[in-house]
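What follows is the residue order along each chain.
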Amino acid sequence: MSRRAEQDVPDLVERARAGEARAVARLISLVEDESPLLREVMAALAPHTGDAQVIGITGSPGVGKSTSTNALVAELRKRDKRVGVLAVDPSSPFSGGALLGDRVRMQDHALDRDVYIRSMASRGHLGGLAWSTPQALRVLDAAGCDVILIETVGVGQSEVEIAGLADTTMVLLAPGMGDGIQAAKAGILEIGDVYVVNKADRDGAEQVRRDLRSMLALADRKEGGWRPPIVLTVAQAAQGLDEVVDQLDAHREWMTAHGELARRRTRRARDEIEAIAVTALRARWGDVHGRSELDELAAAVVAGESDPYAAADELLAAFAD
Ligand SMILES: Nc1nc2c(ncn2[C@@H]2O[C@H](COP(=O)(O)OP(=O)(O)OP(=O)(O)O)[C@@H](O)[C@H]2O)c(=O)[nH]1
Ligand SMILES: [Mg+2]
């Protein structure tokens, strides 16, 4: 692509919508780099967003997230869906070894033009996933992906964050990982819409299912709400993924019928707006902080000519300019 074509936003958007992988890649890079073109990009994408089914995939390290993502892509391709995959590493500022390994595995789909795969590091953005991932989702959505899978590397906070980004959150467990206790600890019982017990070729998968089912029964879920199904899979052998996709679709239908999809998306948009606004405020705060104005106000407070509240009000007035 010529330098000029890379900067021509309407042209990039048109080509991304036509399925040109390089244009999609370029748009996501503009997001990651916080390009000055970002506003123009987002405005151009907005009318084309809202159709993709966004699925978050989470679970303990080694449970089979990448293997399952790979097998899910194959199942979705069988159903003629265009698929986007975002592998997000919120813990590292660089694309680390884990993602590299995943990339190699994902080469199963490397030549398929209806599959777009991207690894993202969150590069120490404020709020980790919060800032850049939703914008990358918008790019893939507008580019015509029917389904977008978000896989996180790393544990902890990211699990809850991913639930905030996705329409449907899929939680993976596996036998022999002490997952029962982990599930209760990590708050996984609250975030899952579909549970998958992977590595069902190993002993103990049925037991994990039973434990999970009784824990879910005790969890504080809303009356008349969605009852998360538990599916057994052997991702390595591509077994059970058809039922996983059926359940993901069933959840989407349920959400649509009950207004939950709209509620979740509104919540997501609120979070996005807030994250952008807070980032902008912080940037402006940086400006204010550097100004001599603050020194003057501080001197007035020290001299007893002003108080900290009045001084803060004066400073905040600077934001309104
Ligand atoms: N026995 C068995 N092994 C599996 C299955 N699915 C995945 N594995 C193996 O489990 C290991 C971890 O799989 P990954 O897909 O890399 O797991 P992950 O959750 O992405 O791991 P991280 O990215 O490190 O968190 C690999 O050696 C897989 O081959 C399965 O269904 N059965
Ligand atoms: Mg992985």
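Residues numbered from 1 in each chain as written. Chains lettered and ligands numbered in written order. Predicted model: local features only at pLDDT ≥ 70, side-chain atom pairs only at ≥ 80, totals over all residues. Heavy atoms only, no water.

(A) The arrangement of helix H5 (residues 65–78) in detail. Here H5 contains 14 residues, and its C-alpha end-to-end distance of 20 Å stays within 8% of the 20 Å for a straight helix at 1.5 Å per residue. H5 sits mainly inside the fold: 11 of its 14 residues count as buried. Considered for burial, the residues of H5 that qualify are Lys-65, Ser-66, Ser-68, Thr-69, Asn-70, Ala-71, Leu-72, Val-73, Glu-75, Leu-76 and Arg-77. Positive backbone phi, approximately 65°, marks Asp-80, located one or two places after H5. (Helix = DSSP H or I, 4+ residues; strand = E, 2+ residues; numbered from the N terminus. Expected span 1.5 Å × (residues − 1). Buried < 20%, exposed > 50% of the residue type's maximum accessible area, 1.4 Å probe, protein only.)

(B) How the structure looks around empty space enclosed by the protein. In the structure shown here, the tally under the stated rule is three cavities of 30 Å³ or more. Roughly 100 Å³ of volume is contained in the largest cavity. Around the largest cavity sit 13 residues that line it, and Gly-19, Val-24, Arg-82, Arg-113 and Tyr-116 are the ones nearest its centre. Elements that contribute at least two residues to the lining of the largest cavity include exactly helix H3 (21–32) and strand S3 (115–121). Within the lining of the largest cavity, the residues separate by chemical class into eight nonpolar, one polar and four charged. (1 Å grid on protein atoms, 1.4 Å probe; cavity = no way out; pocket = protein on both sides within 12 Å on 5 of 7 lines; lining within 4 Å. Points joined across faces, edges and corners; volume = space filled by probe spheres on them. Nonpolar A, V, L, I, M, F, W, Y, C, P; charged D, E, K, R; others polar.)

(C) Quick peek at the pattern of salt bridges. In this structure the tally under the stated criterion is 16 salt bridges. Between Asp-246 and Arg-79 there is a salt bridge; the shortest N-O distance is 2.9 Å. In this pair, Asp-246 is assigned in helix H12 (residues 241–258) and Arg-79 in the loop between H5 and strand S2 (83–89), connecting sequence segments 167 residues apart. Between Asp-167 and Arg-265 there is a salt bridge; the shortest N-O distance is 2.8 Å. One end of the pair, Asp-167, is in the loop between helix H8 (157–165) and strand S5 (168–173); the other, Arg-265, is in helix H13 (residues 260–290), with 98 residues separating them in the sequence. Residue classification places Asp-167 among the buried positions, given a relative accessible area of 1%. (Salt bridge = Lys/Arg side-chain N within 4 Å of Asp/Glu carboxyl O.)

(D) A look at the pairing of strand S6 (residues 194–197). Burial along S6 is two-sided: the residues Val-194 and Val-196 and Tyr-195 and Val-197 are all buried. One ladder, built from four bridges, connects S5 with S6; its direction is parallel. Considered in S6, the bridge of Met-170 is made with Val-194. Here S6 runs beside strand S7 (residues 230–232); their pairing, made up of three bridges, is parallel. (Pairing = 2+ DSSP bridges.)

(E) The site of ligand 1, seen in detail. Within the structure, ligand 1 sits among 17 residues, and Lys-65, Ser-66, Thr-67, Asp-201 and Gln-236 are positioned closest to it. Within the side chain of Asn-198, a nitrogen or oxygen atom sits 3.2 Å from a nitrogen atom of ligand 1. When ligand 1 is considered free in solution it has 660 Å² of accessible area, and contact with the protein chains removes 77% of it. Among the residues forming the shell around ligand 1, the class breakdown is four nonpolar, seven polar and six charged. (Near = heavy atom within 4 Å. Polar contact = N/O pair within 3.5 Å; in protein donor to acceptor, adjacent residues only side chain to side chain. Areas by Shrake-Rupley, 256 points an atom, 1.4 Å probe, with all protein chains shown as cover.)

(F) Molecular detail of the coordination of the magnesium ion (ligand 2). Those donors, Ser-66 (OG) and Glu-151 (OE), are the protein atoms that reach the magnesium ion (ligand 2), and they lie 2.1 to 2.8 Å from it. Here Glu-151 lies in strand S4 (residues 147–152) and Ser-66 lies in helix H5, a separation of 85 residues in the sequence. Each of the two residues, Ser-66 as well as Glu-151, counts as buried. (Donors = N, O, S within 2.8 Å, 3.2 Å for Na, K, Ca; no water.)

(G) Broad picture of the packing of helix H2 (residues 9–17) against H3. At a minimum axis distance of 8 Å, the contact between H2 and H3 shows a crossing angle of 130°. Between H2 and H3, the interaxial angle falls into the category oblique. When the axes of H2 and H3 are compared, the crossing they make is left-handed. Where H2 approaches H3, its residues Leu-12, Val-13, Arg-15 and Ala-16 are matched on the opposing element by Ala-23, Val-24, Arg-26, Leu-27 and Leu-30. In terms of residue class, the contact of H2 with H3 is built from seven nonpolar, no polar and two charged. (Axes fitted to C-alpha atoms, helices over the stretch in contact; angles between N-to-C directions. Parallel < 35°, antiparallel > 145°, perpendicular 65-115°, else oblique. Left-handed = near helix turned anticlockwise from the far one by under 90°. Contact = heavy atoms within 4.5 Å.)

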